[in-house]
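The residues making up each chain are set out below.
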Amino acid sequence: MRTSEADLERMSLSRLLAVAGHVVAMHWQRLMGGYGLTPHGLAVLDSLERGSALTQRELARRCGIAPSTLNHTVDHLERSGWIERRREVADRRLVRLALTETGRRQLRQAQDAADSQMEPMLDHLPPGDERIVRDFLLATVLRFQSMDDALPDPASSRTGRL
């Protein structure tokens, strides 16, 4: 169901931001699905490209993904040959995740598709306003992330909500 422009205009800024985020996320999800990725999978590949081999716990924290969701994502990415698990030599209990060369190529293809298909969708933003919107979104993300850091881990306090 589409929301009318009049309804969108009446929404609070926080709700409008949530709706905009949802609509954009749905397009991202469809686009990434064509490359065998979910948004979480893309976040994992991107994080592993930017950092050295990470443990699943480090990766979950960096990507903002629940550990149970990350397990499924990591399993899919490993089966696809895009990441690999490596046991630490010094401590065999410790497993690190690393991007494979195939995963690096898959990430590039997905990023190229996003650049060519998603970025043009923002051409309605006047160039002079991009910095204002970018600063607002960055500050919003950082503010909410800092709030998340202060909250208890949702996995440790199941409430039964759906």
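Structural notes, computed from the coordinates. Since this is a predicted model, take the numbers as computed values, not measurements.

Bringing the packing of helix α2 (residues 13–33) against helix α6 (residues 101–117) into the picture now. Close contact between α2 and α6 brings their axes to 10 Å; oriented N to C, the two are set at 135°. As the angle between them shows, α2 and α6 are arranged oblique. α2 and α6 meet at a crossing whose hand is right-handed. Side by side, α2 and α6 meet where W28, L31 and M32 of the first sit next to A110, A113, A114 and Q117 of the second. By residue class, the composition of the contact of α2 with α6 is six nonpolar, one polar and no charged.

With that settled, the discussion passes to the side chain of T100. Counting through the fold element by element, T100 comes out in the loop between β3 (95–99) and α6. For T100, a relative accessible area of 15% gives the class buried. Here G103 takes part through its backbone nitrogen, which lies 3.0 Å from a polar atom of the side chain of T100. When near neighbours in sequence (up to four residues on either side) are disregarded, T100 contacts G81, W82, I83 and E84.

This next bit is on the nonpolar core. If you look at the biggest cluster of nonpolar residues, it comprises 24 residues, and the most contacted ones within it are L37, V44, L45, L48, L59 and I83. Elements with a minimum of two residues in this core: α2, α3 (39–50), α4 (56–63), α5 (67–79), β3 and α6. In this structure L59 touches V44, S47, L48, L54, L70 and L97, once residues within four positions along its chain are discounted.

Our focus in this paragraph is the environment of P67. Here P67 shows up in helix α5. Spatially, the C-alpha atom of P67 lies 7.1 Å from that of R57, the residues being 10 residues apart in sequence.

Now for the pattern of salt bridges. One pass over the full model with this rule turns up 12 salt bridges. R108 is paired through a salt bridge with E49; the nearest N and O atoms lie 2.2 Å apart. With R108 in helix α6 and E49 in helix α3, this residue pair connects regions lying 59 residues apart in the sequence. The exposure class assigned to E49 is partly exposed, which follows from its relative accessible area of 21%. Note that E78 is salt-bridged to R85, the shortest N-O span being 2.2 Å. The partly exposed category is assigned to E78, whose relative accessible area is 32%. When its relative accessible area of 32% is taken as the criterion, R85 is described as partly exposed.

Basis of the calculations
- Each chain carries its own residue numbering, running from 1 in the written order of its sequence.
- Restriction of local features to residues with pLDDT of at least 70 applies here, the model being predicted, together with a cutoff of 80 or more for giving and counting side-chain atom pairs; totals for whole chains, interfaces and linings are based on all residues.
- By convention in this description, side-chain values take in all heavy atoms of the structure and omit both hydrogens and water.
- To get an axis, a line is fitted to the C-alpha atoms, and for a helix only the part in contact is used. The angle between two axes follows their N-to-C directions and goes from 0 to 180 degrees.
- Numbering of helices and strands runs from the N terminus, with a helix taken as a DSSP run of H or I at least four residues long and a strand as a DSSP run of E at least two residues long.
- Convention used here: angles under 35 degrees read as roughly parallel, angles over 145 as roughly antiparallel, angles from 65 to 115 as roughly perpendicular, and any remaining angle as oblique.
- Two helices that cross are described as forming a left-handed crossing if the nearer one is turned anticlockwise from the farther one by less than a right angle, and a right-handed crossing if clockwise.
- Two residues qualify as a contact provided that any one of their heavy atoms is within 4.5 Å of a heavy atom in the partner residue.
- Residues are grouped as follows: Ala, Val, Leu, Ile, Met, Phe, Trp, Tyr, Cys and Pro are nonpolar; Asp, Glu, Lys and Arg are charged; all remaining types, including Gly, are polar.
- Only protein chains enter the accessibility calculation, which uses a 1.4 Å probe; a residue whose area is less than 20% of its type maximum is buried, one above 50% is exposed, and one in between is partly exposed.
- Pairs of N or O atoms within 3.5 Å make up the polar contacts considered here, provided that, within protein, one atom can donate a hydrogen while the other can accept it, and that residues adjacent in sequence are counted only when both atoms are side-chain atoms.
- By convention a nonpolar core is built from buried Ala, Val, Leu, Ile, Met, Phe, Trp, Tyr and Cys residues, the set being connected through side-chain atoms within 4.5 Å.
- Any Lys or Arg side-chain nitrogen found within 4 Å of a carboxyl oxygen on Asp or Glu counts as a salt bridge.

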